[in-house]
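Here's the letter readout for the chains.
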Amino acid sequence: MVLKFHSLPDLYAHGFDTVIDVRSPAEYAEDHLPGAISLPVLDNEERARVGTIYVQQSPFLARKLGAALVFRNAANHIENSLAHHEGGWKPLVYCWRGGQRSGSFTWMLQQIGWRAEVIEGGYRTYRRLVNRYLYEDPLPHRLFALDGYTGTAKTELLARLNIRGVQVLDLEGLANHRGSLLGEQPGGQPSQKAFESALAAALCALDPAHPVVVEAESSKIGSLILPPSLWTALCAAPRIHICAPLEARSAYLVRAYDDILSDTARLRDRLFPLRSHRGHEVVDGWLTLIEAGDKLALTQALMQQHYDPAYAKSSRARKADVIARVDVPTLDAKGLEQVASQVQTVLDQS
């Protein structure tokens, strides 16, 4: 039986034990349903080979070769990856468009006695649902944005609010990027499609009846673009402004960004292009501090001469409603807990 899903929340609530992606490893790596496991019935080279034969020789020869490869690979998965499942196991299978790859594999699973089904339209259906959710429909959530100068520990505050039971959306975590010039994280960023998949899944898991706290971001996090529905909601979200003195922010950033501050070659590469924007004298001053190994002085200089002016300029262009200002003298564990408590109080009163 082929299952048809009409909305993204319906698909996420599928009720099956396992979701299986039988597309090639390259297709899976670019994007897949959250939580899906990869059991390709054609690997990257096999898929290319079958496609070439289909175009250059004949569809019949391509289907004949494809069938042999699919059943051979499927048998290997059944003997190994799936051997531990009992008779009541219910897998949901998809390929690119819900056609021969997923249909053949699902037929084999059903012959064993497993209650396997196929997603109608496969991955293409899933992407249409994600696009509708993020690009067409307005978000049903009530967003509240943590705002403030660089170094006010907004990302860490999200984690502390989450522990307190507040709904949060960690965009930088989903994008694997700290949202600034020096924000790269190990492993690099996901593809735009994979980011949207993770984002849509995170949003669908949140209760629209309760507030959702998110960090105020620009329309891009690293190389990834925020989809229209989220960007529109974020621009309109009431702001909770976190205020901390320069000294406290500098001390926090030295701890939080120690990896990049310790990588002097990478740091120079990232800052050098700012000559055209901030001037040679300013950037030369930063490079001198890098060579001296003075992380605290460098961090203060970067905020005073780059990050704070950029934030002030963007703030003047925004018309968002600031509903609260929370002052924090220090950004240590005690100070952040006090801020999290105050933010929670603001949300309870909103």
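This text goes with the structure placed above it.
Below you will find a few notes about this structure. On a predicted model such as this, the values are computed, not experimentally measured, just so you know.

1. Some details on the sheet that holds strand E2 (residues 18–21)
Okay, step 1: The sheet built from 5 strands is open, its strands ordered E1-E5-E4-E2-E3 with parallel pairing. Edge positions in the sheet fall to strand E1 (2–3) and strand E3 (37–38), since each of these pairs with one other strand and no more.
Okay, step 2: Strand direction decides the pairing type here: E1 and strand E5 (residues 117–119), joined by 2 bridges, are parallel. Pairing of valine 2 across the sheet is with valine 118, part of E5.
Okay, step 3: Sheet contacts for helix H5 (residues 100–112): E2, strand E4 (91–94) and E5; angle to E4, the most-contacted strand, approximately 160°.

2. Some words on the packing of aromatic side chains
Okay, step 1: If you walk through the whole model with that rule in mind, you get 5 aromatic pairs.
Okay, step 2: With centroids separated by 6.4 Å and ring planes inclined at 90°, the aromatic side chains of phenylalanine 71 and tryptophan 107 adopt a geometry described as edge-to-face. One end of the pair, phenylalanine 71, is in helix H4 (residues 59–79); the other, tryptophan 107, is in helix H5, and 36 residues separate them in sequence.
Okay, step 3: The exposure class assigned to tryptophan 107 is partly exposed, which follows from its relative accessible area of 47%.
Okay, step 4: Through a chain of ring-to-ring contacts, three or more aromatic side chains come together here, namely Trp96, Tyr123 and Tyr126.
Okay, step 5: A cation over an aromatic ring shows up here: arginine 23 above the ring of tyrosine 123, its NZ or CZ 4.2 Å from the ring centre.
Okay, step 6: A cation sits over an aromatic face here: lysine 90 above phenylalanine 16, 4.8 Å from the ring centre.

Thresholds applied
- Residues numbered from 1 in each chain as written.
- Predicted model: local features only at pLDDT ≥ 70, side-chain atom pairs only at ≥ 80, totals over all residues.
- Heavy atoms only, no water.
- Pairing = 2+ DSSP bridges.
- Helix = DSSP H or I, 4+ residues; strand = E, 2+ residues; numbered from the N terminus.
- Contact = heavy atoms within 4.5 Å.
- Axes fitted to C-alpha atoms, helices over the stretch in contact; angles between N-to-C directions.
- Phe/Tyr/Trp six-rings, centres within 6.5 Å; stacked < 30°, edge-to-face > 60°.
- Buried < 20%, exposed > 50% of the residue type's maximum accessible area, 1.4 Å probe, protein only.
- Lys NZ or Arg CZ within 6 Å of the ring centre and 35° of its normal.

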